[in-house]
Amino acid sequence: MRLFVGIPIAGHVLDNLARVLKQLRPLAPVRWSPVENFHITSRFIGEWPEEKLEALEAALEEVKTPTRFEISIAGFGYFPNPHHPRTLFAAVHSGPQPGELAARVDESLLPLGIAKEDRPYSPHLTLAKIKHENIQDLRDHLANMTNFDFGTFPVTEFHLYLSQPGPKGSVYSSLAVYPIAAASSQAGHPR
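The structure reproduced in this document is the subject of the present report.

Definitions and limits used
- Residues numbered from 1 in each chain as written.
- Predicted model: local features only at pLDDT ≥ 70, side-chain atom pairs only at ≥ 80, totals over all residues.
- Heavy atoms only, no water.
- Helix = DSSP H or I, 4+ residues; strand = E, 2+ residues; numbered from the N terminus.
- Rg over C-alpha atoms; globule rule 2.2 N^0.38 Å.
- Salt bridge = Lys/Arg side-chain N within 4 Å of Asp/Glu carboxyl O.
- Buried < 20%, exposed > 50% of the residue type's maximum accessible area, 1.4 Å probe, protein only.
- Pairing = 2+ DSSP bridges.
- Axes fitted to C-alpha atoms, helices over the stretch in contact; angles between N-to-C directions.

### Observations concerning the overall build of the chain
From N to C terminus, the chain includes five helices and nine strands. Going from the N terminus to the C terminus, the chain shows its helices and strands as β-α-β-β-α-β-β-α-β-α-β-β-β-α. Against the compact-globule benchmark of 16 Å for 191 residues, the chain has a radius of gyration of 17 Å, which places it among compact chains. Considering only C-alpha atoms, the chain reaches an extent of 50 × 35 × 25 Å along its principal axes.

Take a look at the structure:
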């Protein structure tokens, strides 16, 4: 099983992204992510034996989450940089909570033998993977866009996702949902 932990994206934000991607997709022959796969990765786990799934789910149940927080999706960027792009992403704007959640997930997975992530956490929403395709038309269009705001939503849960290969790329499905406590209910009762 190929697994990862992530934050789902609210429906109204997905709708806004879908409208913009309808304009962008014809501009570059890159590998575009399906809207139904959009998420913000908290921790990529990779291959995991199915017989140990219960232990993984139990470890994630113990994550002491930050209290609920908001995320805004606005703007675009390229990884590793605009001069040698390999990924086009929509930018995630929030306080420190997405990073705190990722660190706490990391800590909960240590007893299972999953080493901590060694790269700095950079929350983002992957829109497309780029190999060596010509993306000049895409770059020009993005440079002329005036509305980069896709919306804001409250983060009330994170998920354990399964990634399965499909004929048109990977298909993601949620295996388990973990709630994030509201501020008032978490006082004195850590998860």
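Resuming the write-up.
### Things to note about the pattern of salt bridges
Per the counting criterion, the structure on display carries three salt bridges. Put simply, Asp 106 and Arg 43 hold a salt bridge, and the shortest N to O gap is 2.4 Å. Taken together, the positions of Asp 106 in helix H3 (residues 97-109) and Arg 43 in strand E3 (residues 39-47) put the pair 63 residues apart, joining distant regions of the chain. For Arg 43, a relative accessible area of 9% translates into the label buried. A single salt-bridge network, built from bridges that share partners, covers Arg 43, Asp 106, Glu 117 and Arg 119.

### What about the sheet that holds strand E1 (residues 2-8)?
If you walk across this open sheet you meet the four strands as E3-E1-E8-E9, and the pairing is antiparallel. The open sheet has two edge strands, E3 and strand E9 (171-179), and neither has a second partner. Ignoring strand direction, the axes of neighbouring strands in this sheet form an average angle of 25°. Strand direction decides the pairing type here: strand E8 (residues 157-164) and E9, joined by eight bridges, are antiparallel.

### Details of unusual backbone geometry
Going from Phe 79 to Pro 80, the amide bond is cis rather than trans, its omega being -5°. With respect to the secondary-structure elements, Pro 80 resides in the loop between strand E4 (69-79) and strand E5 (87-93).

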